[in-house]
Structures are given as C-alpha cells and as structure tokens.
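# A closer look at the structure
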Amino acid sequence: MNVVEEALLFPCADELLPAIVAWPGRLHAALRPARVGAQAAPAASAIDPGAFAQASDDDRRAACGVLIVVGGPQYRVGSHRQFLLLSRRLAAEGHPVMRFDYRGMGDASGAMRGFEEVAADIGAAIDAFQRACPAVQRVVLWGLCDAASAALLYVEARGDGRVAGLVVLNPWVRSETSLAQTHIKHYYGQRLMEREFWWKLLRGRMAILNSARTLVKTALTARRRPPANSGSRSFQDRMADGWRRFPGSVLLILSGQDYTAKEFLEFVSANSAWAGLIEAANTRRVDIADADHTFSSRLWRSQAEDATLAWLGAVMVA
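## Section: the overall build of the chain
Scanning the chain from N- to C-terminus turns up twelve helices and eight strands. Relative to its full complement of 318 residues, the chain shows a buried share of 47%. Pairs at least 24 apart in sequence give 76% of the contacts found in the chain among residues at least 6 apart. Looking at the chain as shown, the accessible area adds up to about 15,300 Å², and 54% of this sits on carbon and sulfur atoms.

What follows is the structure, encoded as structure tokens:
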C-alpha cells in the first residue's frame, strides 16, 4: 500500500504546532475529495462497536490511528529518522499516523517544556489528527522513553476516551536512587566479569581511588529510602495510576541492552504502586534482547515495528 504524507499546523494554547500525517494511500484517495471544505470531525467521536466489528479490515485499520508522542529533547523525525520510518511503515499497513512537535521544540512556537507538562499538546494533537483524518475514531499513543511517560501521564490526567491503546517503549522512571540501584546491579556487576577491567586494574591503568569513591557514593545513593510523602505525588506514581486506571490495551516494548529499560524493571519490581501492572491481562510485553535504547539498527527497528503491528491487529478487534 502506498503512503501519502501531508503537513499541517494546529493550535495549542495560542501557539502553533507542526505535524505530519501519514495516510494509507487508499484512504487518502477515498477521503481527500470529501475533506475539501468539509466540517471538522467532533473532537470526541464515538464508535459503534457493532458497526466496527462488521467493518472490513481496511476500515478497521483506518479507524485506529497512531499518534507518535515524541520524547525530548528532539523533534518529530526522531533519532536516526525513527519516527518518520515508523509512521510510513504503519501507514503502509493501513493505519493513519501523525507525528508532531511539542510547543517549544522543533518547528513549534512557544517555550520549551518537559514531559510532565505536555498533556495539552497531546490533547490538541488528537483533536487535530481527527480533524485532518475523520476516519480515525480510536487513537493509540506511541511513545519512547519520556514520551512513554508523557502518554501515561496524559491518560492519568485526562481520561480521554478516544485513546484505545498505549505503546510504551523503555519508559522513563528516572530518580537518583533508581539510577544508582541500576548501576550497582547492571553496570558494576558486569564490569567485574570483564577481562578488560582486570587487565587495566593489574597494569595500573585505572584511577582506583576515584573509582572506589564513585562506587561508594553510588552504593550509598542506591540505599536511600524514598522521601516521605510531601503531599504531592511523584510523576512515577502518576504514571502507575494512569496505567492501572487505563481501560484500553498496553504494549510494553523493552530493549535488552538499555539502562533505561533495566532501570524501569528494577523500579517497578520494588515499588508497590506498580505491583502487577506489567503482568496485567491488558498488557503485552515484548523484549528485544539485543536492542539499544532507540532501536538504532534496521533489525531492531523492524522488530519494534512488527511488535506494534501485531498488537494493533488485536486492538482493532478488541
């Protein structure tokens, strides 16, 4: 299936955000004449489950759009063109896809903001996506790293019924303590097993005192207890609340060679707010053993895309 890409600008809090919509060619040919001068689709269009179940596979795919939420600081193309290539692959398989810039990033106007402050941007992007492509009745949010965190924070804060699914890759749950715990378990433990480490040590090519100080500091940080409740919830707890209360499906993709993914697993295994979430019935977990954080090789990128498409097939008929 061929893919047609269109650029658009949409408003968010008095700023303008750029986006690229990747259309399945058949859908674009069918809807493009009707879109000229047409009224905007309602921001929250409901779907008739009976009609959806009886629709063709092409129509079901067209009705399930994917909004790529960008992690920062970067823009809508993504590292090594990751988001551009993903959008074209998904659109070629029949799913409309939109990727966009937050306020203050890429070509968007406004002040830069962190992942905890982009709920308005995501909501405005869903509105714009449905206006641009009225066939889209259900939306999947796809996010890597702190974009995965932003997607979970969005559903926690907004409870947006248009969001049917979440694809979260190597979610960001970073804290000083969790990072130190991950380094102790995965970095220092691995270094002790490496021949190169002992070769440098025996030949005096390591700054032993500095290394020892760093190790002790990291170990002390790793043993810290979380701060007492100050009355405000951490972003990690709000992410867990969003995941637990989300009624749709979740696809969790983890890279085997990524410290952010390892930190996520360490964090959720030790935090009661996350108990049972990644094992829940509505969650599918896919591990890509050799992949790095951004799935930088063609093989790893294809594996992440394949996992997304297989999961989308299940979401369409859910």
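Let's pick the thread back up.
## Examining the environment of Val136
Structurally, Val136 is set in the loop between α5 (119-132) and β5 (138-144). It is 6.3 Å that separates the C-alpha atoms of Val136 and Ala62, two residues lying 74 residues apart in sequence.

## A word on the sheet that holds strand β1 (residues 3-12)
Each strand in a sheet pairs with its neighbour through backbone hydrogen bonds, running either in the same direction (parallel) or in the opposite one (antiparallel). Taken together, eight strands build an open sheet; the order of strands is β1-β2-β4-β3-β5-β6-β7-β8 and the sheet is mixed. Here the strands that pair on one side only, and so sit at the sheet edges, are β1 and β8 (283-288). Averaged over all pairs of adjacent strands, the angle between strand axes in this sheet comes to 20°, irrespective of strand direction. Where β1 and strand β2 (residues 15-24) come together, ten bridges link them in antiparallel fashion. Bridge pairing in β2 places Cys12 opposite Glu15. Across the sheet, helix α4 (residues 82-92) is in contact with β1, β2, β3 (64-69), β4 (97-100) and β5; its angle to β4 comes to roughly 165°.

## Comments concerning the confidence of the model for the chain
On average, residues of the chain score 84 in pLDDT, and 74% of them are at 70 or above. The low-confidence segment residues 38-53 (pLDDT under 50) makes 22 contacts with residues lying over four places distant or belonging to another chain. Segment residues 214-222: pLDDT under 50, and 15 contacts once partners within four positions in sequence are set aside and those in other chains are kept.

## Describing the packing of aromatic side chains
Scanning all chains against the criterion turns up seven aromatic pairs. Here Phe83 and Trp142 contribute two aromatic rings whose centre-to-centre distance is 6.1 Å and whose plane-to-plane angle is 75°, an arrangement assigned as edge-to-face. With Phe83 in helix α4 and Trp142 in strand β5, the pair connects residues that are 59 residues apart, well separated along the chain. As far as the burial class goes, Phe83 and Trp142 line up, both buried. Three or more aromatic residues joined by ring pairs make a cluster, and in this case those are Phe10, Phe100 and Tyr102.

## Regarding the pairing of β5
Counting buried positions along β5 yields seven of seven residues, so the element is predominantly enclosed. Where burial is concerned, the two faces of β5 agree: the one with Arg138, Val140, Trp142 and Leu144 and the one with Val139, Leu141 and Gly143 are both buried. Pairing between β3 and β5: six bridges, direction parallel. Paired with Gly65 across the bridge in β5 is Val139. Bridge analysis of β5 against strand β6 (residues 163-169) gives six bridges, and the strand direction is parallel. Looking at β6, one finds that Leu144 is bridged to Leu169. Once you follow β5 into helix α6 (residues 146-158) and on to β6, the crossover reads as right-handed.

## As for the side chain of Thr283
Residue placement: Thr283 occurs in strand β8. Accessibility expressed as a relative area gives 12% for Thr283, which makes it buried. A distance of 3.4 Å separates a polar atom in the side chain of Thr283 from the backbone oxygen of Leu277. Other than its neighbours up to four places away in sequence, Thr283 contacts Trp243, Val250, Leu277 and Ile278.

What counts as what
- Residues numbered from 1 in each chain as written.
- Predicted model: local features only at pLDDT ≥ 70, side-chain atom pairs only at ≥ 80, totals over all residues.
- Heavy atoms only, no water.
- Helix = DSSP H or I, 4+ residues; strand = E, 2+ residues; numbered from the N terminus.
- Buried < 20%, exposed > 50% of the residue type's maximum accessible area, 1.4 Å probe, protein only.
- Contact = heavy atoms within 4.5 Å.
- Areas by Shrake-Rupley, 256 points an atom, 1.4 Å probe, with all protein chains shown as cover.
- Pairing = 2+ DSSP bridges.
- Axes fitted to C-alpha atoms, helices over the stretch in contact; angles between N-to-C directions.
- pLDDT = per-residue confidence, 0-100.
- Phe/Tyr/Trp six-rings, centres within 6.5 Å; stacked < 30°, edge-to-face > 60°.
- Right-handed = clockwise from strand over helix to strand, strands pointing away.
- Polar contact = N/O pair within 3.5 Å; in protein donor to acceptor, adjacent residues only side chain to side chain.

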